[in-house]
Amino acid sequence: RRALELGALCNAASLEGDGADGPQGRGDPMELALLAAAERAGHGRAAPTERQQEVRRDEFEPSVKMMATFHEAEGGIRVAVKGAPEAVLEVCTHVWRDGAAAEPGEGDRDAWAERNEALAGDGLRALAVAEKTVEDAQAAPCEGLTLIGLVGLLDPPRKDVAEAVRDTRRAGIHSVMVTGDQPGTARAIAGAVGLVDSAEQAQVLHGSQMKPADELTAEERERLPRTPIFARFDPRAVA
């Protein structure tokens with residue numbers, strides 16, 4: 001319930017209903033899916049936001065890979081955060097366990113990282129949701145958080161993509177994938193559409209590893225054209 005509520009609170013989309021192709025409304029499809037999931041479980045945006053009015057919003061920032069919203073709540077200001085699991089995990093000092101925030105035990109962080117990898121391996125886009133309560137709406141949002149859970153979103157490639165990839169490979173055209181998704185998700189999708197023969201063994205270049213052309217070593221210059229998957233890339237960061 002808490003994870004669904006945070007997904008509805010930390011959200012910029014507006015839901016109008018469901019259609020044949022999924023949730024309908026205005027906004028990012030991922031955020032529409034979060035709203036639809038909360039709505040179906042009885043924790044839609046109307047319920048929490050009637051009690052917890054939004055007083056501040058920090059839009060998703062690629063450099064930190066997180067979004068945060070601040071809401072009036074009993075006992076202070078509730079901060080709802082969602083973002084890339086690796087980024088959110090790094091700034092969480094507590095985890096939600098048995099109905100309360102608790103300090104991570106031995107192996108807890110590794111266990112959550114493994115859950116994230118499992119979601120990515122199934123080709124799901126993964127998000128982490130976290131929260132905290134502060135006294136001031138001007139407090140820094142992305143520190144001292146409590147991890148509530150992970151969300152897996154299915155965003156399958158269109159049915160005609162695999163055929164298009166197959167045709168280009170037959171024609172001798174080398175295609176690559178450039179995505180903002182994490183490496184595990186990118187590998188799974190690349191395997192599903194036939195971009196690579198083995199998803200597990202496919203080379204992936206992480207956006208944080210990308211260098212300007214004049215800084216590449218001879219080995220990197222040779223390897224780059226053979227790399228089929230570029231993950232966690234932000235166009236503004238590499239333009």
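Residues numbered from 1 in each chain as written. Predicted model: local features only at pLDDT ≥ 70, side-chain atom pairs only at ≥ 80, totals over all residues. Heavy atoms only, no water.

I keep staring at the pattern of salt bridges and nothing clicks. Help me out?
When the charged atoms of two side chains lie near each other, side chains of opposite charge can form a pair. Counted according to the given criterion, the structure contains 16 salt bridges. Residues R97 and D108 are paired through a salt bridge, measuring 2.3 Å at the closest nitrogen-oxygen approach. Of this pair, R97 sits in strand 6 (residues 92-97) while D108 sits in helix 5 (residues 108-121), and the two are 11 residues apart along the sequence. (Salt bridge = Lys/Arg side-chain N within 4 Å of Asp/Glu carboxyl O. Helix = DSSP H or I, 4+ residues; strand = E, 2+ residues; numbered from the N terminus.)

Just to check I follow, could you spell out the packing of helix 1 (residues 2-9) against helix 2 (residues 29-40) for this structure?
Think of two packed helices as two axes; the pair is described by the angle between the axes and how far apart they sit. At a minimum axis separation of 8 Å, helix 1 and helix 2 run at an interaxial angle of 135°. Compared by their axis directions, helix 1 and helix 2 come out oblique. Pair helix 1 / helix 2 crosses with left-handed handedness. Of helix 2, the residues touching helix 1 (which contributes L4, G7 and A8) are L34, L35, A37 and A38. When grouped by side-chain class, the residues that make up the contact of helix 1 with helix 2 number six nonpolar, one polar and no charged. (Axes fitted to C-alpha atoms, helices over the stretch in contact; angles between N-to-C directions. Parallel < 35°, antiparallel > 145°, perpendicular 65-115°, else oblique. Left-handed = near helix turned anticlockwise from the far one by under 90°. Contact = heavy atoms within 4.5 Å. Nonpolar A, V, L, I, M, F, W, Y, C, P; charged D, E, K, R; others polar.)

Would you take a moment to explain the sheet that holds strand 10 (residues 177-178) for this structure?
Backbone hydrogen bonds hold the strands of a sheet together, and the pairing may be parallel or antiparallel. Strand order in the open sheet formed by three strands is 10-12-11, and the pairing between neighbours is parallel. Two strands in the sheet have a free side with no partner beyond their single neighbour: strand 10 and strand 11 (204-206). Of the pairings in the sheet, the one linking strand 10 to strand 12 (residues 229-231) comprises two bridges and is parallel in character. Of the residues in strand 12, the one forming a bridge with V178 is F230. Sheet strands touched by helix 7 (residues 183-192): strand 10, strand 11 and strand 12. Its angle to strand 12, the strand with the most contacts, is close to 150°. (Pairing = 2+ DSSP bridges.)

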